[in-house]
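A closer look at the structure
Chain by chain, the residues:
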Amino acid sequence: MAFEREIDRFLSSPSFADATRRTYRVDLEHFARWLEMRRLRIDEFGVRELADYATGLGRARSGLAPASVARRLAAVRSFLRFTLGPARVPDAAVAPRRSRRLPDPPRSAEIEQLLAALEGDDSLALRNSALVELVYSAGLRSAEAVGLDLDDVDFEQELVHVRGKGGKERVVPLGEEAAWWLARYLELARPRLATRAEAALFLSVRGRRLDTSTLRRISPHPHRLRHAFATHLLEGGADLRTIQELLGHSSLSTTQIYSHVDGKRLRRVYDRAHPRS
């Protein structure tokens with residue numbers, strides 16, 4: 001099928017992360033079926049058709065959340081830009097408005113409890129403690145954490161080299177606690193787990209690179225650790241631009257959601273700094 005070939009060609013771009021590629025494929029296959037049911041060619045797709053498509057996605061029986069509808073429409077627009085050219089892509093605003101959900105980061109005491117529960121002397125306990133410490137210390141996404149290689153950690157410079165979404169790379173500081181647990185893991189646990197030549201920093205019991213499902217078993221909601229990283233930095237006085245760089249956000253607007261959870265700190269700064277506070 002020519003349409004399937006176009007989808008394959010579009011998704012072969014190296015700018016897509018693997019998870020995005022899988023999700024966009026599902027979205028675009030749904031779009032292809034929608035066109036087929038209406039006997040439309042892709043070059044006949046315009047503003048009216050886009051509005052019809054968006055309306056169908058937004059109906060209650062579709063079962064899609066507003067964020068999922070917006071993502072599906074974004075996938076379609078990107079695909080059309082790639083296939084037909086930017087001038088042919090409808091630019092009408094048809095995506096539903098998404099409510100901004102504030103992060104629910106764990107407090108410091110909750111993180112301490114999580115880390116205390118992981119402590120142990122066997123190889124997996126040492127690995128799990130090092131992994132969770134590093135996710136919280138560096139604000140890593142799950143895929144970024146399990147994607148680390150041995151040479152991505154620089155103990156001398158106290159830095160971690162991270163490969164993020166879309167192939168973007170960044171360098172983040174390595175905290176003292178995370179460095180201590182990583183050193184223990186590398187000295188006492190990883191050699192026991194390494195059954196083959198494997199560059200991955202974190203290894204499974206079979207000596208292979210961990211996948212994200214293992215991290216979710218250790219910490220059921222690992223992304224909350226990333227939220228905690230950002231929120232605790234903000235509470236400690238870090239500015240949003242710095243947090244944006246550390247998190248690897250391409251836009252400051254993504255990072256600004258954290259500004260809503262720190263009203264108390266802003267009040268303290270205001271009271272201290274304004275002469276008529």
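See above for the structure.
Just so you know, these numbers come straight off a predicted model, no measurement behind them.

Let us look at the nonpolar core. Counting residues in each nonpolar core, the largest one holds 42 residues, and the members touching the most others are L131, L134, L174, L182 and F202. Broken down by secondary-structure element, the contributors of at least two residues to this core are α5 (108-118), α6 (123-138), α7 (142-146), β2 (159-163), α8 (176-193), α9 (212-218), α10 (223-235) and α11 (240-247). Excluding residues within four positions of it along the chain, L131 makes contact with A145, F202, L210, L215 and I218. F16, F31, F45 and L80 belong to the second-largest nonpolar core, a separate cluster that totals 23 residues.

The subject of this paragraph is the side chain of H249. As for its placement among the helices and strands, H249 is situated in the loop between α11 and α12 (252-255). The class for H249 is buried, based on a relative accessible area of 14%. In this structure the side chain of H249 is engaged in a polar contact, spanning 3.5 Å, whose partner is the side chain of R226. Contact partners of H249, with chain neighbours within four places excluded, come to R141, R226, Q244, T254, T255 and Y258.

A few words now on the pattern of salt bridges. Applying the stated rule across the entire model yields eleven salt bridges. E144 serves as the salt-bridge partner of R141, at 2.5 Å between the closest nitrogen and oxygen. For R163, the salt bridge goes to D152, with nearest N and O atoms at 2.6 Å. Of this pair, R163 sits in strand β2 while D152 sits in the loop between α7 and β1 (153-154), and the two are eleven residues apart along the sequence. Bridged by salt links that share partners, the residues D149, D152, R163 and R209 form one connected network.

Basis of the calculations
Residue positions within a chain follow its written sequence, with the count starting from 1. pLDDT decides what is reported in this predicted model: residues at 70 or higher carry local features, side-chain atom pairs at 80 or more are listed and counted, and totals for whole chains, interfaces and linings draw on all residues regardless. As a convention, hydrogens and water are excluded, and side-chain values are obtained from all of the structure's heavy atoms. What we call a nonpolar core is a set of buried Ala, Val, Leu, Ile, Met, Phe, Trp, Tyr and Cys residues that are connected through their side-chain atoms within 4.5 Å. Think of it in three bands: residues with accessible area under 20% of the maximum for their type are buried, residues over 50% are exposed, and the middle band is partly exposed, with areas taken using a 1.4 Å probe on protein chains only. Each helix is a run of DSSP H or I of at least 4 residues and each strand a run of E of at least 2, with the numbering of both proceeding from the N terminus. Contacts were defined at the residue level, with two residues in contact if any of their heavy atoms lie within 4.5 Å. We define a polar contact as two N or O atoms separated by no more than 3.5 Å, with the added condition that, inside protein, one atom must be a possible hydrogen donor and the other a possible acceptor, whereas residues neighbouring each other in sequence contribute only through side-chain atom pairs. For salt bridges, the criterion is a side-chain nitrogen of Lys or Arg within 4 Å of an Asp or Glu carboxyl oxygen.

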